[in-house]
Amino acid sequence: MKPDSLQPKYEKAAAVICKQGLFPFPVNETTISILKEAIGDVVPELDLIAAFDNKASQTLAELTASSGMPEETIFALTTSLAKKGILFNQPNSAGTMVFRVLPLMMVGLMEYMFMGPLQGNEREKRLAALFQGLLDQVRDSVQQDYDKMVPFFQMAPPIDRTVPIRETDDGKPIRIIPVNQTIDTTDRVLSSQSVEAIIDKFDEIAVGHCFCRQRRTLLGEPCQTHAPLENCFTFGKSARHTAAQGFARMIDKTEAIRIMREAEAAGLVHKAFHPNSRTDRPETSICNCCKDCCDTLRGWREGGFPLINATRYLSVIDADRCSGCGACVDRCPMDAIRLGASGKAERDEASCFGCGVCARFCPEEAIALQEGERKVFILPPRLRAKAD
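Thresholds, definitions, all that
Residues numbered from 1 in each chain as written. Predicted model: local features only at pLDDT ≥ 70, side-chain atom pairs only at ≥ 80, totals over all residues. Heavy atoms only, no water. Pairing = 2+ DSSP bridges. Helix = DSSP H or I, 4+ residues; strand = E, 2+ residues; numbered from the N terminus. Buried < 20%, exposed > 50% of the residue type's maximum accessible area, 1.4 Å probe, protein only. Contact = heavy atoms within 4.5 Å. Polar contact = N/O pair within 3.5 Å; in protein donor to acceptor, adjacent residues only side chain to side chain. Axes fitted to C-alpha atoms, helices over the stretch in contact; angles between N-to-C directions. Salt bridge = Lys/Arg side-chain N within 4 Å of Asp/Glu carboxyl O. Core = buried A, V, L, I, M, F, W, Y, C linked by side-chain atoms within 4.5 Å. Phe/Tyr/Trp six-rings, centres within 6.5 Å; stacked < 30°, edge-to-face > 60°. Disulfide = S-S within 2.5 Å.

The next thing to look at is the pairing of strand β3 (residues 97-101). Where strand β1 (residues 57-59) meets β3, three bridges bridge the pair, whose relative direction is antiparallel. Within β3, the residue paired with Thr-59 across the bridge is Val-98. For strand β2 (residues 87-91) and β3, the ladder comprises five bridges, and the chain directions are antiparallel. Each residue of the ladder has a partner; that of Leu-87, found in β3, is Val-101. Counted between consecutive antiparallel strands, the loop separating β2 from β3 contains five residues, among which Gly-95 sits at a positive phi close to 90°.

Below, the structure is given as structure tokens:
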């Protein structure tokens, strides 16, 4: 079939994929071009994606009915689409195989495309450029309709959750200031507050490459912090999925802790992800994010997305112990710390998501972490003057 005759099928597949996830994306030339690169001209795969139009997650029986395809064909197509980062194909807790179409990003096609070892070929570079073009378009759209987007952003749940670093650079415990109120846990489960506790919960752990840093490299913008690459974690059935598709490799708990320690030494932020942003459910993954490349941080700084984060900590600076060296200012991924008129470090509470990076690298041990559950919500900067 000629490429032009496939256009309606690409448009239909794009319409299905673009409406998935926390933030929908437009169906346009860029998103269709992304699918052309990712899927190619495999017509049955495009037809199968279209079958998810009314329901994003389907059992085999449901997908057989919605697609009109036999089971053998469905298994072959879903296996191929999973390896392309389009579908998630793992059994649910009851053991029933469920097929779920993934979003373009957060977490979907973009993340999985750049999570495995890079080949550095032209296709990867084209995809990286296309995704960047899409992010730029989203930013421009948000800036154009800024006031209309604010209520939508305010209703969104936290995208991720900060898990704090617990030790200083020389191995001493970071001081924790306990919460002053009793936490009601009657109808919920408290989320794990250390990477060790998270790792201990899972027997299946996989690690892949940071898709943000890899994508920046393909764009000709390698990480300026020179952060290590292989520290993107998935757990449980997400680990089984990423390992099965070649996006990651299975590791044991000892290696997982070693990699986490390496990430902390590099000043990276532990960010945990939960199903549907529900922090009372077990983690599906942990990213180790740098200030330079993280798509969440860049998307916010560049005016495309709000920063929405769940955290249980807030950094507290002891002015008497602070020497004004500025290490925390340089290290803070949120630019939430500055040196005040007195020459001492000052922290902006609204911008701090309690990662502990500042406390880790403070040579005077002048920074502690104060407990207290918070939602950090910061609108993207307004880059365009409001129209009269």
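Now that the structure is up, let's keep going.
Turning our eyes to something else, we now look at the pairing of strand β7 (residues 232-235). Consecutive side chains along a regular strand alternate between the two faces of the sheet. Judged by which residues are buried, β7 turns out to be covered on both faces: Cys-232 and Thr-234 on one side and Phe-233 and Phe-235 on the other are all buried. In the sheet, strand β6 (residues 205-208) pairs with β7 via four bridges, with the strands oriented antiparallel. In the sheet register, Val-207 faces β7, and the bridge partner there is Phe-233. Relative to strand β10 (residues 285-289), β7 runs antiparallel, the two being bridged by two bridges. Along β10, the bridge assignment pairs Thr-234 with Ser-285.

With that settled, consider helix α2 (residues 29-39). Of the residues making up α2, those classed as buried are Thr-30, Thr-31, Ile-32, Ile-34, Leu-35, Ala-38 and Ile-39. Where α2 is buried, its residues meet α1 (7-18), α3 (43-50), α6 (109-113) and α7 (122-144). Where α2 begins, the capping side chain belongs to Asn-28, and its oxygen is found 3.0 Å from the backbone nitrogen of Thr-30. Trailing α2 by a residue or two, Gly-40 shows a phi angle of about 80°, which is positive.

In this section: the sheet that holds β3. By way of backbone hydrogen bonds, the strands of a sheet pair with one another, either parallel or antiparallel. One open sheet holds the three strands; their spatial order is β1-β3-β2, and the pairing between them is antiparallel. Strands at the two margins of the open sheet, each flanked by one partner only, are β1 and β2. Sheet twist, expressed as the mean angle between neighbouring strand axes with direction ignored, is 25°. Against the sheet, helix α5 (residues 71-83) contacts β2 and β3, and its axis sits at roughly 115° relative to β2.

Taken as a whole and assessed by the stated rule, the structure comprises 31 salt bridges. One salt bridge in this structure joins Asp-203 and Lys-253, with 3.8 Å as the shortest N-O distance. Note that Asp-203 is positioned in the loop between α9 (195-201) and β6 and Lys-253 in helix α12 (residues 253-265), a separation of 50 residues in sequence. In this structure, Arg-298 and Glu-302 form a salt bridge, with 3.1 Å as the shortest nitrogen-oxygen distance. With relative accessibility at 29%, the residue Glu-302 sits in the partly exposed group. Beyond isolated ion pairs, a larger network of salt bridges with shared partners links Asp-169, Glu-196, Arg-261, Glu-264 and Arg-360.

Within the largest apolar cluster, 100 residues are counted, with the highest numbers of intra-cluster contacts made by Ile-86, Leu-104, Leu-109, Phe-114, Phe-131 and Met-334. When residues in this core are grouped by element, the largest group, seven residues, is from α7. Counting residues in hydrophobic clusters, the runner-up holds 15 residues, among them Ile-198, Phe-235, Ala-272 and Ile-286.

This brings us to the sheet that holds β6. Taken together, nine strands build an open sheet; the order of strands is β5-β14-β11-β4-β9-β10-β7-β6-β8 and the sheet is mixed. If you trace the sheet from one side to the other, it starts and ends with β5 (176-177) and β8 (248-251), each paired once. Sheet topology note: the strand β4 (residues 160-163)/strand β9 (residues 269-273) ladder contains three bridges and is antiparallel. Pairing of Thr-162 across the sheet is with Lys-271, part of β9. Most of the contacts of helix α11 (residues 237-244) go to β7, to which it runs at about 120°, and overall it touches β6, β7 and β8. In the packing of α12 onto the sheet, the strands contacted are β6, β7, β8, β9 and β10, and the crossing angle to β8 comes to about 120°.

Take the packing of aromatic side chains next. Evaluation of the coordinates by the stated rule reveals nine aromatic pairs. Geometrically, the ring pair formed by Phe-202 and Phe-235 is stacked, given 4.9 Å between the ring centres and 20° between the ring planes. Residue Phe-202 is located in the loop between α9 and β6, and its partner Phe-235 is located in strand β7; the two are separated by 33 residues in the primary sequence. With respect to class, Phe-202 is no different from Phe-235; both count as buried. When the ring of Phe-233 is compared with that of Phe-235, the centres are 6.4 Å apart and the planes differ by 10°; the resulting orientation is stacked. Each member of the pair Phe-233 and Phe-235 is classed as buried.

Here we take up the state of the cysteines. If you walk through the whole model with that rule in mind, you get zero disulfides. Between Cys-290, a free cysteine, and Cys-223, which holds the nearest cysteine sulfur, the sulfur-to-sulfur gap is 3.8 Å. Free cysteine: Cys-355, not disulfide-bonded; nearest cysteine sulfur from Cys-358 at 6.1 Å. Note on Cys-355: relative accessible area 8%, which makes it buried.

Inspection of the secondary structure puts Thr-311 in strand β11 (residues 307-317). Owing to a relative accessible area of 5%, Thr-311 belongs among the buried residues under this scheme. There is a polar contact of 2.9 Å between the side chain of Thr-311 and the backbone oxygen of Phe-353. In this structure, Thr-311 is in contact with Thr-162, Phe-353, Gly-354, Gly-372, Glu-373, Arg-374 and Val-376, ignoring residues within four places of it in sequence.

This is a description of form; function is not addressed.
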